[in-house]
Amino acid sequence: TAHAMATPKIVRPDFGGPFPEHLAIIMDGNGRWAQERALRRVFGHREGINSVREITTECARMGMKSLTLYAFSVENWKRPRVEVRYLMRLLRQFLIQERPTLMDNGVRLIAIGRLDSLPKDALDALRETEALTAKNSGMLLRLALSYGGRAEIADGLRKLARDVKSGALAVDAIDEETMRGYLYDPGTPDPDLMIRTAGEMRISNFLLWQISYSEIYVADVCWPDFRKPQLLAALKSYAKRVRKFGGLVADGPAPKA
Ligand code: FPP
């Protein structure tokens, strides 16, 4: 059938430098996008879904390994009840409607966050989409839902402490890699590039452990206006970055002692 084990062809422009294996995005500015058009905030979220679809599809086509989208933070529960309810309805709708697109592009979807706080119908749709896409071999799409970087570390520490208490883990064996193993999805390498839209220069509790050495790119446009041209501009910027991870440039001139 048309959906059987789609192995989409990878088409990637030449950016003249490295391409990120893992991209993380803080999708900010939906509310502002709507307000600038004298619309209610929820219309910005609705339009934001079109950006999610376009960016996911483009990243998958370019052969990106992982894409993590900050869709709902633990702090977002504090928003007005109507907005939270709308976002949850939109999430469920997205998870159902996008299934053909995810399958056509070979995308595997998972979620990270405190997922037990999601409404049951959204969680059910999530589990079904995860199951449906589990065998796809293309890009991994991670939705951060009810996600907080500090919450993730605290949740991991609770599990780690339990393992210490039961004797499964020795205190002296704890190092950075041990801690990583207790995070939500430890198998996915750290993001190489983190994009934030709507001009804000903040991390907002996103992937705190994982972004130590991520390159950061801030786009001025609001998320509903972040589409393929804006993505290409960010990837072009990334291709020019020199990443040193605290060391010296790998192929640069030898340092003078
Ligand atoms: C930030 O805009 C965006 C959010 C809090 C939610 C992001 C959600 C979507 C793009 C739609 C749902 C996503 C999926 C994957 C189903 P904001 O409301 O903080 O904007 P503002 O800063 O202008 O107020």
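Observations regarding the nonpolar core
One finds Leu23, Ile25, Leu143, Leu145, Ile195 and Leu231 to be the most contacted residues of the largest nonpolar core, which totals 48 residues. Examining the composition of this core, we find that eight residues originate from one element, helix α3 (residues 81-97), more than from any other. Core analysis: the next-biggest nonpolar cluster, separate from the first, contains 10 residues, Ile26, Tyr147, Phe206 and Ile211 among them.

Quick word on the site of the ligand
Surveying the vicinity of the ligand reveals 16 residues, the closest of which are Asp28, Gly31, Arg32, Arg41 and Arg79. One of the side-chain nitrogen or oxygen atoms of Asp28 is found 3.0 Å away from an oxygen atom of the ligand. Note that an oxygen atom of the ligand is positioned 2.8 Å from one of the side-chain N or O atoms of Arg41. In the complex, 91% of the free accessible area of the ligand, which totals 620 Å², lies under the protein chains. Every element with two or more residues in the shell around the ligand is listed here: α1 (30-36), α2 (41-61) and α3. Its residues placed into classes, the shell around the ligand shows seven nonpolar, five polar and four charged.

What to know about the sheet that holds strand β2 (residues 66-73)
Sheet architecture is open: six strands sit in the order β3-β4-β2-β1-β5-β6, paired in parallel fashion. Each edge of the sheet is formed by a strand with only one pairing partner; in this case those strands are β3 (108-112) and β6 (215-218). In this sheet, neighbouring strand axes are inclined to one another by 20° on average, regardless of whether the strands run parallel or antiparallel. Docked against the sheet, α2 engages β1 (22-26), β2 and β4 (140-147), running at close to 160° with respect to β2. Of the strands in this sheet, β3 and β4 are in contact with helix α5 (residues 120-133), which crosses β3 at around 140°.

Considerations on the packing of aromatic side chains
Counted under the stated rule, the structure contains eight aromatic pairs. Ring geometry for Tyr70 against Phe206: centres 4.2 Å apart, planes inclined by 10°, an arrangement best described as stacked. Of this pair, Tyr70 sits in strand β2 while Phe206 sits in the loop between β5 (193-196) and β6; the two residues are 136 residues apart in sequence, bridging distant segments of the chain. What makes Tyr70 buried here is its relative accessible area of 8%. The interplanar angle of 70° and the centroid separation of 4.7 Å between the aromatic rings of Phe72 and Trp77 together place this pair among those described as edge-to-face. Members of the aromatic cluster, each reached through a chain of ring pairs, are Tyr70, Tyr147, Tyr184 and Phe206. In this structure, Arg12 packs its charged tip against the face of Phe19, placed 3.9 Å from the ring centre.

What counts and what doesn't
- Residues numbered from 1 in each chain as written.
- Predicted model: local features only at pLDDT ≥ 70, side-chain atom pairs only at ≥ 80, totals over all residues.
- Heavy atoms only, no water.
- Core = buried A, V, L, I, M, F, W, Y, C linked by side-chain atoms within 4.5 Å.
- Buried < 20%, exposed > 50% of the residue type's maximum accessible area, 1.4 Å probe, protein only.
- Helix = DSSP H or I, 4+ residues; strand = E, 2+ residues; numbered from the N terminus.
- Near = heavy atom within 4 Å.
- Polar contact = N/O pair within 3.5 Å; in protein donor to acceptor, adjacent residues only side chain to side chain.
- Areas by Shrake-Rupley, 256 points an atom, 1.4 Å probe, with all protein chains shown as cover.
- Nonpolar A, V, L, I, M, F, W, Y, C, P; charged D, E, K, R; others polar.
- Pairing = 2+ DSSP bridges.
- Axes fitted to C-alpha atoms, helices over the stretch in contact; angles between N-to-C directions.
- Contact = heavy atoms within 4.5 Å.
- Phe/Tyr/Trp six-rings, centres within 6.5 Å; stacked < 30°, edge-to-face > 60°.
- Lys NZ or Arg CZ within 6 Å of the ring centre and 35° of its normal.

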